[in-house]
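Commentary on secondary and tertiary structure
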Amino acid sequence: MKKSLVILLAATLGLASCNREKKGPGGLLYTIHHSEGKEKIKVGDAIKMNFVQKNDKDSVLASTYDNEMAQIFPVQAKTYAGDINDVLLMFGEGDSATFKVNLDTMAFYTKNPKPEQFKNDKYITFTVKIEKVVAKKAGEADSVFQKRAGEFFQADYKTTIDKIKNAEEGKIKTYIADNDLKVKTTPSGLNYVITAPGSADRPAMGDTVLLNYTGTLTKKDAKGKYKLFDTSDEKKAKEAGKLQPGKPYGPTKMVQGQTVPGFTEALTLIGKGGKITVVIPSKLGWGEQGSPQGGIGPYAPVVFDVEVVNIIKGQPAPPAPVAPVVSTKP
């Protein structure tokens, strides 16, 4: 019994030590959450890494977990003590940690001012998990290593994409069930619930539609909320940490036919004053490529809540020119 208590106490102390924030070079602060004890990353290696990036207000600025695609990084020589490349050399495959890069130090050594989005912040915080390290062998030519690493990560990417693709249908069903949506499904595969049909007039191709809308993913984040990726509602954007300075919020003009197929189809189902919720499969949305800038991953189904405020009829297409009749008489 006494031996067991000693082992338990040692394990507890080890865990506490592992999760204690420490100071590093260049004003760096870091906490190692878990260590596999494997060989440390070296300059020249290539790594696959999941991460969450936050500011001092604890707002998530980027997360590879949202689109289920870890990022590949070539590990380069540090620019200054405590930069991101320097930090990575502290970890090995399977390790997880949080580190805070001092923005003033970064600005000083890179000779670049703080980015506007971080002007009131002292740190940029990363919580990382090193998923895979492809280590460069001693004396291995760069071209040989790049070919070997490239082949590995290409195969790994295909495996990941196939897994995401095969999981899409389940994500849609889970979202519909969790939110108790009584959906109807069009022949194309669009799932929808009309809460207000609106007027009988429907948008036609080329019409300008004035909309209120909010788009989210079907996957919940760490706080148990569906991630918002776009909205016309300023309050919702602010609450989700997605407020875009300079963007004109409020009813937004869109030309019918100039959005993804699922959104275009959704607008044909309601008129002025109409409201609809649509669950759009990736084949009617952003497909295999996703929308990295929008935070939409490959094969990601999305959800839109849409209200049609007004329909502004487009100019009718000009009549096709009539070919002149050419006489065949001599």
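A short tour of the structure in this document, coming up.

Quick notes on the rules
Throughout this description, residue numbers start from 1 for each chain and increase along the sequence as written. Since the coordinates come from a predicted model, pLDDT governs what is reported: local features require at least 70, and pairs of side-chain atoms require 80 or more to be given and counted, while whole-chain, interface and lining totals use all residues. Note: side-chain values were computed over all heavy atoms of the structure, leaving out hydrogens and water. Using a 1.4 Å probe on the protein chains alone, a residue whose accessible area is under 20% of its type maximum counts as buried, one over 50% counts as exposed, and one in between counts as partly exposed. Working definition: helices are DSSP H or I runs of at least four residues, strands are E runs of at least two. Numbering for both runs from the N terminus. One bridge is not enough; two strands pair if DSSP finds at least two bridges between them. We call a set of buried Ala, Val, Leu, Ile, Met, Phe, Trp, Tyr and Cys residues a nonpolar core when their side-chain atoms join them within 4.5 Å. By definition in these notes, contact holds between two residues if any of their heavy atoms fall within 4.5 Å.

Notes on the pairing of strand β10 (residues 208-220)
Of all 13 residues in β10, 10 are buried, a share of seventy percent or more. The sheet contact formed by β10 and strand β12 (residues 252-255) spans four bridges and is antiparallel. From the neighbouring strand, T208 faces β12, where its bridge partner is V255. Strand direction decides the pairing type here: β10 and strand β14 (residues 302-312), joined by 10 bridges, are antiparallel. Looking at the pairing, L210 lines up with N310 of β14. As paired elements, β10 and strand β11 (residues 226-231) share four bridges and run antiparallel to each other.

Describing the nonpolar core
By size, the foremost hydrophobic cluster in this structure holds 25 residues, and its most contacted members are L211, F263, V278, F304 and V306. Counting only elements with at least two residues in this core, the list comes to β10, α6 (261-267), β13 (275-280) and β14. The element contributing the most residues to this core is β14, with five residues. Core analysis: the second largest hydrophobic core is formed by 21 residues, M49, V101, I124 and V128 among them.

As for the environment of K253
Relative to the helices and strands, K253 is located in strand β12. Take K253: its relative accessible area is 61%, and that puts it in the exposed class. In sequence terms K253 and I311 are 58 residues apart; their C-alpha atoms lie 9.4 Å from each other. Discounting chain neighbours no more than four positions away, the residues touching K253 are T208, V209, L210 and I312.

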